[in-house]
Each structure stands twice: as C-alpha cells, then as structure tokens.
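The residues making up each chain are set out below.
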Amino acid sequence: MAYVAIADRDHVLHDPQTFIRKYIWSQDHKVIAIQYAITAISIGLVALAMSVLMRLQLGFPNTFSLIAPHNYYQFITMHGMIMVIYLLTALFLGGFGNYLIPLMCGARDMVFPYMNMLSYWVYLLAVLVLVAAFFVPGGPTGAGWTLYPPQSVLPGTPGATWGIVLMLLSLGIFIVAFTMGGLNYVTTVLQARCRGMTLMRMPLSVWGILMATVLGLLAFPALLVGAVMMTLDCLLGTSFFLPAVISMGQPPTHNGGSPLLFQHLFWFFGHPEVYIVALPAFGIVSDLLSTHARRHIFGYRMMVWAILAIGCLSFVVWAHHMYVSGMNPYFGFFFATTTLIIAVPTAIKVYNWVLTLWRGDIHLTVPMLFAIGFIFTFVNGGLTGLFLGNVTVDVPLSATYFVVGHFHMVMGVSPILVVFGAIYHWYPKITGRMLNDTLGRIHFWLTFLGTYAIYLPMHYLGILGVPRRYYAFGGTTFIPPSAHWANVAITVSALFVAAVQLVFLFNLIWSLSKGKPAGSNPWRATTLEWQTPDTPPKHGNWGPKLPVVYRWAYDYSVPGAKEDFIPQNQPAGDQTPEGEPAEHVPPTAHGAPV
Amino acid sequence: MSLTVAFVALLIGVVVWALLARRLIAKPWETHGTMDTSQGENATGVPSARIGLWILLAVITSLFGLFISAYWMRMEHGHGDWNPIPIPHVLWLNTTALILSSACMQMARGAAKGAHPHRVNVALIAAGLLALAFLAGQLLAWQELNASGYFVTGNPATAFFYLLTGVHGLHLLGGLVVWARTVARMTRAGVESIDVRLSVELCTVYWHYLLLVWLVLFGVLLST
C-alpha cells in the first residue's frame, strides 16, 4: 500500500500564522511541550505551598494555626497526587517527552499532531477538575493519595461526598489525556526516526521516555478500573470495594466489597508509576552526565537493556506496598524477592553513571551539578528501599517517617533534581538564551543540601517510631523531645528550600529577555536537537531537509577528532584523519564499552 | 491479578522480541554510516495509524484484562455474597449480531481491496447497523434484568454485569464514531482513496477485536 509518512506531508511545513494557532491551539510539539510544562509546574507550586503549610503545622504545632486537622489530610492527599501524577508524570512525558522525542529522533513533529494537541487540553481539563475540588462543599478529598476504601468514601473523611468523586473523575480524564499522548510518543519513536537513527543509536533520554510511556499505557488502565469501580460505589451504591461498615451508628449501606481488591488495582498501577517517573529521569541524567563529562556513556547497551528489564520487572513488585495489609507469607516472600531483583538492573545503571564520570573531562556546569546530585540522592533513597522491600523490616517501619524519607528521596527529590538539570540543560535550546549561572549554582547547592536537611532526619524519626500521617503528636510518651526539635529543623529547612525555588522561577523569567544569547549548541553536544538550523527550532524543526544520522549519540572526546564531540549527523569521513579507515574505531579509543 | 501479570509480561515480551530483539544487540559505537537497510522516514514501513491502533488495542486489552481480574478477585474475596444472575437470552441474539457485523466489516475490507465501491458501501453500512443493533440489544438486556429486580446496587454479579457490558458498549460506541467518519469520508472521496481504504481496514481490525473481547466477556459471564 502506497503510504506517505506524516513527516513528508506538505501541510506540516506550512507555518501557522495567527497567534492563536501558533501559541494556544497549536499542534507543534514544542509549543505543546511548553504548555504541558507550564501547567505542570504551576500546579506543582500549589502542591509545594501545601507542603509548606503542613510543615509549619508539624514543626510549630502550637504557634501557627493556619490549618485545621481536616485541611492537613486534604493537603497531604492533594500534595501527593499532584506531585506524582499531575507534576512529575505530566512534566516528564508531556513536557520533556513532547519536546525531545521529535527533536532527538530527527522528526518534524509527532506522528499525530492533532491528537497531541488534544492530549494537552484534556490534561488541562483534568487539572481544572482537580482544582475545582477546593471550591466544592466539603473541599477536596482527605483520603491520602492512595485513596484506600472504605475510609475514602465514608463520612468523617474530609471530602467524602464531592471531593473524592472529583478526584476520581480528574484521574479518569488524566488517563484519557495520557493515553492520547502516549500513543503519540510510542508511534513517533517507532515511525518517525530520521534516516540512520536506528533504535540503538537513540539517546538514552528517548529510551527512558519510550519505556516509561509503555509502562504508563499498560499500568494506567489499572487505576482507571479502580477509579471507575470506586465512582460507582460512591454514586450508584454498588459494593465493589465497600464492605459492610457501620458508620456513625448508621446501618451499613454496602455489603461484601473488597478493600484489598482496590489496593491490588491501585498498586498494580502505583508501582509502575514509580518507574514512569524514574525511567525518563534515568535516561535524561545519562545524557546530561555524558555531555558534561565529555565522555561516551559507559555501557550503552547495558543501559538500554536495564531500562527494558526495569520496565518488565516493575509489573511484578506491586504488592510490596501492601505488606501491612496482610497477606500469605509466601506471597510476601515472592514480592520481596522480585523487589530485590529489580535492584540489579538499577544498580547496573548507577555503576554505569559513575563509570561514565571516571576519567571524564568533568565540567561542573549547573546541569552537571544537578546530575551528580541525582546520583547521590538516588543511591541514598534506593538503599533505604532495600530495607523496606523486606517484609520483616517493612512491617515495623511502614507507618513511620522512615517511609516518608525514603520515597521523598527516591521518587521526589531525585527526579526533581533531574527536572532542574534538564531545564538548565535544554533552556538554551527552548528559548535561545542561557539561564543565569550564579543563580543556578545558588539554586543547586541550597536545594541539594536543603533537601538532605529535610529528608535525612526523617529516617531517624522513623526508626524512633514517629508515625506518619499525623496532624499533631500531642503528649505521646514514646516520642522523645529531641524528635520535636528534629521536626522544627526539618520545617525550617523546608521553608528554606521552598523559598530557594523562587530564585529558580525568577531565573526562568528573567533569563527569557536578559539571559546571555546561547547560540545553537552551547554545551557542544552530539545529539540531534542541538543541530537544528534555528534556535529555538522553528515549526517543522529541520528546515527543508531532514537530518541524516551517521553515528551514535555519544561520540565525545574521540581520539584524532578535531573537536571533542562529533554530532550524530556528521558523516563518518569528516572527522577521521587521512589514512585511517573511516568505518572503524579502534576499541581502545572508547575504552571497552560493555 | 496473576492472570493480568502473566498477560502483561507476555505482551511486553512479545513486543520486545518482535520489535527489538535483533536490533538490541547492535553495537552502535562500532558502526558508522547511515545503515541504509533499516531506516527511512517511515521507519517500520507500516502506516502510522495502524501502529497507533495496535498500541491502543494493547491498552484496551490491559483495561479489560484488569476488569476481568477484578471480577474474579471480587468473587473470591466476597465471602459468599456472590449470587450468579440469569443471563438474559437476548445476549445470544446480540452475539450473533456482533459476529455478523464483524463479518460484514471483513467483506467491506475485501471489497475495498478489490475496489468495488458499491459493495464496500453496502457492507460497511450493514456492519454499522448490526453494531447498533447489538448495542440496542444490550440495552434490552439491561432493561430485562432491571425489570426482574436485578439492580446495579444488588449483588456484585449484577453490578459487574452492568459494568462489563457498559464498558464494552462504550468502546463499540467509540468505534461507531470512527465508522461514521469513514462512511462520510467515503461518500466524499470515493473508495479508491488510500485514506479511505486504510480507515476501512482499521475499522475492521477494531471490530474483530471488540468481537473477541465480547466473546471473552460473554464466556466469563456465562461460566460464573
């Protein structure tokens, strides 16, 4: 069947002229990426503000009376849900995925641009429905971000009438938006790579985003199933999840439902979700490290295989979130084993990052600082994950601050450090200007050290047995006064770190007009997005001709080459001195890649 | 749940094997040049819309797989509150209508390949009408159950019956929207157009897929 690829169709090249078509109802992947990013960061700031209010309550329970107990639960719920789904998932896949996939693969745009546009607007709708929960009677749900029934729908939990329904509705809408975007990302990677861009020549950023999207496409349906069934329980009175509960002295309205079923569905989505956030971060950080260390990524093939292995394994570990829900010991044994196995490919990635730095020509630019900060934070967070992956250790620690410290390190701070690094790295391409370096360094050091000051003490609090999820501890005797002082210190650090993010926001806006002009390739990077004819890239990305790729993405410091980087679209003959065969690179030149 | 896991593992395995296995052992740092064999602007050589549809089918399979897992788990966890319901007889009629609808789609696809505009038209419209008949029949089944006192709030078997048939019906409804657009496009552009042929082909794949899903769901509902 004769078929014309979308990249070749003429209409893609016609620049949209009006302001509205260009910046609002745009089908250009770069504009959609920026729309996604701005929306995600804005709603993320709301979640940040909520965490500040919660920390004020925990650090100074008797001084500030800004929030009531029911607000605390609502904020804890919204903070978690927004950060994990509406900020990180949307920013990594909708933001970076949209911006980087076509540019890194050498495509003019996503394969289905109209659906891409629709994906953003549906996502915005999901965010608006989520925010609407603040303005309905009873406010947003306070069920915790896991929304466990039966308490999420029983009276007494904040937002048990309106809030929970809006939350479930918003999640459903988000999943529709994500599916539209995800179809695009996967199809674009499979279809629209330029000539010469084989799968194994793709930068690891694309690999990470691709695998995360596949995970999302297969895992989000579990959340959708849970959300649909819980909505029916709330609105129609079915008993999928709700057992017979005598609530507030009223006779039970439901009968026989299984709360455990919801937990299984939720975590069947919830654990892959960890990797939906982590894999793009893994990919992006690999590219940052390689570029700023002027060295090829160590063990490229291992990195790709590890991404695939993590993706597959992430579907068989979900019940390690449910050790305290009660389960057959053999079941727990199985999930503890798979959980520890998934540490193997993850550790391979960490070793390869460190070995990429070894003997590299390390430039401590701001993106590099964030990338190295990520390695430290991720290792710290990952090691406590080994503790919690074991049933016998998890059971006493599960309800304490140890868990809060662990997942904020591994799933909060680590990906956010990569987000920052990626923004400092690609901002010059997106806007044509550099971000201010001094402000960037201030931002990095205060954020990096500040987050350690927040989350490291939480591990000690957890081992002391300080329970999480509590609004105030009152006169609990087993919690020593020193724990309270730790809480004060954590709150002060949290306020500090939150304030430092304002420096970052200021930098983003100030540099738009006042930043140093960046030129087309300020980091002297090899990947295709830095080789566009215009910076920022115009609609259609590549001018009249698509690029052709001749090499992998990591030709840094190749011996004999004129410069310390060779762009992917540079033909083989150009950089090799005469007399040496162009098709062959001596193995010693690259060390010995795995 | 274990079934879903097995399914997802299998699905990922097949995808990785089929698409990637050979390419994943390439050593990109050793070879330079364009490697002309594998790449073009349409890298797989398959229309993008077809790949998009197959990915969508994987997502929908995951969705229904999880619904069915939930069905079985709710049955196990429920401590004896599960009372099987009498399956309305009209469902057999509906199933026949859906099979015929799928067969008509297949005929339309065959006719589109041979470029018989009239036959495509007739078969395509017949397929759509039969699918509508199926949906009407499903509503009839709901009504029948409701009239005999099996409300959605009643026992979980009833609730699941409404839920599973409802979700399947919604997917068919989505298919009918695409079907209507295909019919409209065909009257505008004629069956010779590549786009129309592709649309008919993709509708056919989706129809067969939803028939398969329905047969599985019907089997699950009948067996419990």
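The rules we used
Residues numbered from 1 in each chain as written. Chains lettered and ligands numbered in written order. Predicted model: local features only at pLDDT ≥ 70, side-chain atom pairs only at ≥ 80, totals over all residues. Helix = DSSP H or I, 4+ residues; strand = E, 2+ residues; numbered from the N terminus. Buried ≥ 20, exposed ≤ 12 C-beta atoms within 10 Å, placed from the backbone. Rg over C-alpha atoms; globule rule 2.2 N^0.38 Å. Contact = placed C-beta atoms within 7 Å. pLDDT = per-residue confidence, 0-100. Axes fitted to C-alpha atoms, helices over the stretch in contact; angles between N-to-C directions. Parallel < 35°, antiparallel > 145°, perpendicular 65-115°, else oblique. Left-handed = near helix turned anticlockwise from the far one by under 90°. Nonpolar A, V, L, I, M, F, W, Y, C, P; charged D, E, K, R; others polar. Expected span 1.5 Å × (residues − 1).

J.: Give a detailed account of the overall build of chain B, specifying residues and quantitative values.
T.: Looking only at helices and strands, one finds six helices and zero strands in chain B. Beginning at the N terminus, the succession of helices and strands in chain B can be written as α-α-α-α-α-α. Dimensions of chain B along its principal axes, counting C-alpha atoms only, are 70 × 50 × 20 Å. Taking all 224 residues of chain B together, 37% fall into the buried category.

J.: Report on the overall build of chain A, specifying residues and quantitative values.
T.: Summing up its helical and strand segments, chain A has 17 helices and zero strands in all. Its C-alpha atoms give chain A a radius of gyration of 25 Å, within 12% of the compact-globule value 25 Å for 594 residues. In terms of principal-axis extent, the alpha carbons of chain A reach across some 85 × 50 × 50 Å. By the burial criterion, 56% of the 594 residues in chain A qualify as buried. Contacts spanning at least 24 positions in sequence make up 79% of the contacts within chain A whose residues lie at least 6 apart.

J.: Requested: an account of the confidence of the model for chain A, with residues and values cited.
T.: Residue and element names in this part refer to chain A. Mean pLDDT over chain A stands at 90; residues scoring 70 or higher make up 94%. Scored below 50 in pLDDT, residues 1-12 shows 21 contacts in the model against residues more than four places distant or in partner chains. Below a pLDDT of 50 lies the segment residues 575-594, which in the model reaches 28 contacts outside its immediate sequence neighbourhood of four places, other chains included.

J.: Can you explain the packing of helix 7 (residues 204-235) of chain A against helix 9 (residues 300-313) of chain A? Please cite residues and give values.
T.: Residue and element names in this part refer to chain A. At a minimum axis distance of 10 Å, the contact between helix 7 and helix 9 shows a crossing angle of 15°. In terms of orientation, helix 7 and helix 9 fall into the roughly parallel class. Between helix 7 and helix 9 lies a crossing whose hand is right-handed. Of the residues in helix 9, those touching helix 7 at Leu204, Trp207, Gly208, Met211, Val214 and Leu215 are Met303, Val304, Ile307, Leu308 and Gly311.

J.: Which residues make up the packing of helix 4 (residues 69-105) of chain A against helix 7 of chain A, and what values do they have?
T.: All names here are of chain A. For the pair helix 4 and helix 7, the least separation of the axes is 10 Å and the interaxial angle reads 130°. By the criterion of interaxial angle, the relationship of helix 4 to helix 7 is oblique. With respect to the hand of their crossing, helix 4 and helix 7 are arranged in left-handed fashion. Together, Phe92, Leu93, Phe96, Gly97, Leu100, Ile101, Met104 and Cys105 of helix 4 and Ser205, Val206, Ile209, Ala212, Thr213 and Gly216 of helix 7 make up the contact between the two elements. Of the residues assigned to the contact of helix 4 with helix 7, the class counts are ten nonpolar, four polar and no charged.

J.: An account of the interface of chain B and chain A is needed here, citing residue identities and associated values.
T.: Taken together, the 49 residues of chain B in the interface contact 66 residues of chain A. Elements supplying a minimum of two residues to the side of chain B that touches chain A: helix 1 (2-20), helix 2 (48-77) and helix 5 (156-189) of chain B. Ranked by residues supplied to the side of chain B that touches chain A, first place goes to helix 2 of chain B with 15 residues. Classifying every residue of the side of chain B that touches chain A by side-chain character gives 29 nonpolar, 15 polar and five charged.

J.: Would you mind going over the confidence of the model for chain B in detail, with residue names and values included?
T.: Do not read the fine detail of predicted coordinates wherever pLDDT is low. Residues and elements named next belong to chain B. Of the residues in chain B, 91% have a pLDDT of 70 or more, and the chain-wide mean is 87. The least confident element of chain B, judged by mean pLDDT, is helix 1 at 70; the most confident is helix 3 (residues 90-113) at 94. For this predicted complex, the interface score ipTM comes out at 0.91, while the overall pTM is 0.92.

J.: Can you explain helix 5 (residues 113-132) of chain A? Please cite residues and give values.
T.: Residues and elements named next belong to chain A. Over its 20 residues, helix 5 extends 29 Å from the first C-alpha to the last, a length consistent with the 28 Å expected when each residue adds 1.5 Å. Among the residues of helix 5, Pro113, Asn116, Met117, Ser119, Tyr120, Tyr123, Ala126, Val127 and Leu130 are the ones counted as buried. For helix 5, the elements touching its buried residues are helix 3 (29-59), helix 4 and helix 6 (163-191).

J.: Just give me the short version of the environment of Phe478 of chain A, but keep the residues and values in it.
T.: Along the polypeptide, Phe478 of chain A turns up in the loop between helix 15 (437-464) and helix 16 (481-514). Residues Phe478 of chain A and Val466 of chain A, twelve residues apart in the sequence, show an inter-C-alpha distance of 8.5 Å.

J.: Explain unusual backbone geometry to me, and be specific about the residues and the numbers.
T.: Residues and elements named next belong to chain A. At the junction of Pro149 and Pro150, the peptide bond is cis and its omega measures out at 5° in the coordinates. Here Pro150 is to be found in the loop between helix 5 and helix 6. With omega at -10°, the peptide bond leading from Thr535 into Pro536 counts as cis. When you line up the elements, Pro536 lands in the loop between helix 16 and helix 17 (572-575).

J.: Give me helix 16 of chain A: which residues, what numbers.
T.: Residue and element names in this part refer to chain A. Compared with the 50 Å implied by 1.5 Å per residue over 34 residues, the 49 Å span of helix 16 between its first and last C-alpha is a close match. The complete set of buried residues in helix 16 reads Ala486, Asn487, Ile490, Thr491, Ser493, Ala494, Val497, Phe504, Asn507 and Ser511. Residues of helix 16 that are buried sit in contact with helix 3 and helix 15.

J.: Describe the environment of Leu357 of chain A, naming the residues involved and giving the relevant values.
T.: Residue and element names in this part refer to chain A. The residue Leu357 is located in helix 11 (residues 343-357) in this model. Taking the C-alpha atoms as reference points, Leu357 and Leu446, separated by 89 residues in sequence, lie 23 Å from one another. If near-sequence neighbours (up to four positions away) are discounted, Leu357 is found in contact with Leu289, Ala293 and Ile362.

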